[in-house]
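Chain residues, written in single-letter form:
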Amino acid sequence: MIYSNRAEWLNAKDKRVLLFGMSGLGKTWAANLLREAGWFHYSVDYRIGTRYMGEFIADNFKREAMKNPFLAELLLSDSVYIASNITFDNLAPLSSYLGKPGDPAKGGLPFDEYMHRQSQHREAEMAALLDSAHFAQRARDIYGIENFLCDTGGSICEVVDPEDANDPILRALSQNQLMVWIEGSDAHTAELVTRFDRAPKPMYYQPDFLARMWAQYRAETGEPEDKVDPDTFVRWTYAQALAHRQPRYAAMAQNWGVKIRAQDLYLVRDAKDFTSLIADALPK
């Protein structure tokens, strides 16, 4: 670990942290809090949606616009400009591009196209994670900001092997930042499932896991690929995905970093509280 004990962390001139865990447990909330306190906030999802998948997203908008004769004419004459407006707090353009598999009449994608977009996201996420060290250096060199927080997506555990001591991404990340798992309780998990059920959204999953879920769901329902309800499928998959990810997060914390409890993070009110919370997670 970049900080091997409590004293090293507290005495460090530049504090560099990478938060990981299930979406909805406070990563971005903590990042916003620290940004207001002068920390540099690097969002992996934002980087994915702008640097690595921005062109895919914009081209998808253009394909839809070309189906409308009025918009098509304007596009072909370069009279309008179409682009996504991704922000730290609004990643809807990225989610809409990833999409959901199933019935096209309900907004679903053919499964092969869905998997293709998942593959694009995988490559983008791996690159965006590795970019974090570069942005920590940029924050110091350009802005004079020494404290750095990397806000990762919930799918980080899907693109690394936490049990592999030579995993290239985890080695690079752990050499530059303290990896901190935000561990949720069973109650948090139940709330996340309920929240997702109200508004199911596209997510990235490991291809083997996703193919297995797709085959299992269709075997249980007997539905052909083009009749699967996209929202129903992703709701069905989500709870199983949380169970799939939990041990991977735990292994990342055990082998590559530390963990804090979500309920303790919720008590943080400023950068000093955050620094103390991380200190308590490190060996003495």
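What comes next concerns the included structure. (Residues numbered from 1 in each chain as written. Predicted model: local features only at pLDDT ≥ 70, side-chain atom pairs only at ≥ 80, totals over all residues. Heavy atoms only, no water.)

**Structural notes on the overall build of the protein**
This is how the line gets drawn: In this text, helices come from DSSP runs of H or I with a minimum length of four residues, and strands from runs of E with a minimum of two, each type numbered from the N-terminal end. The size measure is the radius of gyration over C-alpha atoms, and the globule rule it meets is 2.2 Å times the number of residues to the 0.38 power. When checking whether two residues touch, look at their non-hydrogen atoms; a contact exists if any pair is within 4.5 Å. Under the convention used here, a 1.4 Å probe and the Shrake-Rupley method define accessible areas, while residue burial counts only the protein chains that appear.
Along the protein, the regular secondary structure elements total 13 helices and five strands. Its C-alpha atoms give the protein a radius of gyration of 20 Å, within 12% of the compact-globule value 19 Å for 284 residues. Overall, the C-alpha framework of the protein stretches about 60 × 50 × 35 Å when taken along its three principal axes. Partitioning the contacts of the protein with sequence separation of at least 6, the portion at a separation of at least 24 is 77%. A total of about 13,800 Å² of accessible surface is found on the protein, and carbon and sulfur atoms cover 50% of it.

**Examining the nonpolar core**
Put simply, the rule reads: Side-chain atoms within 4.5 Å link the members of a nonpolar core, which is a set of buried Ala, Val, Leu, Ile, Met, Phe, Trp, Tyr and Cys residues. Here's how the labels work: a residue is buried when its accessible area is under 20% of the maximum for its type, exposed when over 50%, partly exposed in between, all with a 1.4 Å probe on protein chains only.
The biggest cluster of nonpolar side chains holds 78 residues, and the ones touching the most others in it are W9, F20 and F274. Ranked by the residues each element gives to this core, the list is headed by helix α11 (residues 230-256), at nine residues. The residues contacting W9, other than those within four sequence positions of it, are Y3, K15, R16, V17, W39, L178, T275, I278, A279 and L282.

**Regarding the sheet that holds strand β2 (residues 40-43)**
To keep things clear, this is the line we draw: Strands qualify as paired when DSSP identifies two bridges or more between them. Whenever a helix is involved, its axis is fitted only over the stretch in contact; in every case the axis is a line through C-alpha atoms, and angles between N-to-C directions fall within 0 to 180 degrees.
Spatially, β2-β3-β1-β4-β5 is the arrangement adopted by the five strands of the open sheet, whose pairing is parallel. Both edges of this open sheet fall to β2 and β5 (257-261), since each of them pairs with a single strand only. Strand-to-strand twist of the sheet, defined as the mean angle between neighbouring strand axes without regard to direction, takes the value 25°. In the sheet, strand β4 (residues 178-183) pairs with β5 via five bridges, with the strands oriented parallel. For I182, the partnering residue across the bridge sits in β5 and is I260.

**Regarding the packing of aromatic side chains**
Quick note on the threshold: Whether two aromatic rings pair depends on their centres lying within 6.5 Å, for rings of Phe, Tyr and Trp, where Trp uses its six-membered ring; planes under 30 degrees apart make the pair stacked, over 60 edge-to-face, and the rest tilted. Both a distance and an angle decide whether a charge sits over a ring: NZ of Lys or CZ of Arg must be within 6 Å of the ring centre and within 35 degrees of the ring normal.
For the structure shown, the criterion picks out 18 aromatic pairs. Taking the centre distance of 5.0 Å and the plane angle of 90° together, the rings of W214 and F233 count as edge-to-face. Of this pair, W214 sits in helix α10 (residues 207-221) while F233 sits in helix α11; the two residues are 19 residues apart in sequence, bridging distant segments of the chain. Under the relative-accessibility criterion, W214 is labelled buried at 4%. For F233, a relative accessible area of 1% gives the class buried. Ring pairs connect the aromatic residues F111, Y114, W214, Y217, F233 and W236, which therefore count as one cluster. If you follow K15 out to its NZ or CZ, it ends over the ring of W9, 5.6 Å from the centre.

**Regarding the environment of E146**
Relative to the elements of secondary structure, E146 occurs in the loop between α7 (111-143) and β3 (148-151). Those residues in contact with E146 that lie beyond four places of it in its chain are K13, D14, K15, R16 and R140.

**So, the packing of helix α9 (residues 186-198) against α11**
Keep this limit in mind: In these notes the angle categories are as follows: under 35 degrees is roughly parallel, over 145 is roughly antiparallel, 65 to 115 is roughly perpendicular, and the rest is oblique. What makes a crossing left-handed is the near helix being turned counterclockwise from the far one by less than a right angle; a clockwise turn instead makes it right-handed.
For the pair α9 and α11, interaxial distance at closest approach is 10 Å and the crossing angle is 160°. With respect to α11, the axis of α9 lies roughly antiparallel. Once α9 is placed against α11, the crossing between them reads as right-handed. Side by side, α9 and α11 meet where T189, L192, V193, F196 and D197 of the first sit next to V234, R235, Y238, A239 and L242 of the second.

**Let's talk about the pairing of strand β1 (residues 16-20)**
Within β1, five of the five residues are buried, leaving the element largely enclosed by the surrounding structure. Judged by which residues are buried, β1 turns out to be covered on both faces: R16, L18 and F20 on one side and V17 and L19 on the other are all buried. Inspection of the sheet shows β1 paired to β3 by four bridges, in the parallel sense. Bridge assignment links R16 to a residue of β3, and that residue is F148.

**As for helix α2 (residues 27-36)**
For α2, the complete set of buried residues consists of K27, A30, A31, N32, L33 and L34. Here the buried face of α2 lies against β1, β2, β3, β4, α12 (262-265) and α13 (271-281). Downstream of α2 by a residue or two, G38 has a phi angle that is positive, lying close to 100°.

**Here we look at the side chain of R16**
Residue placement: R16 occurs in strand β1. Judged by its relative accessible area of 14%, R16 is buried. Among all residues touching R16, those that are not within four sequence positions of it are I2, Y3, W9, A136, R140, E146, F148, N176, Q177 and L178.

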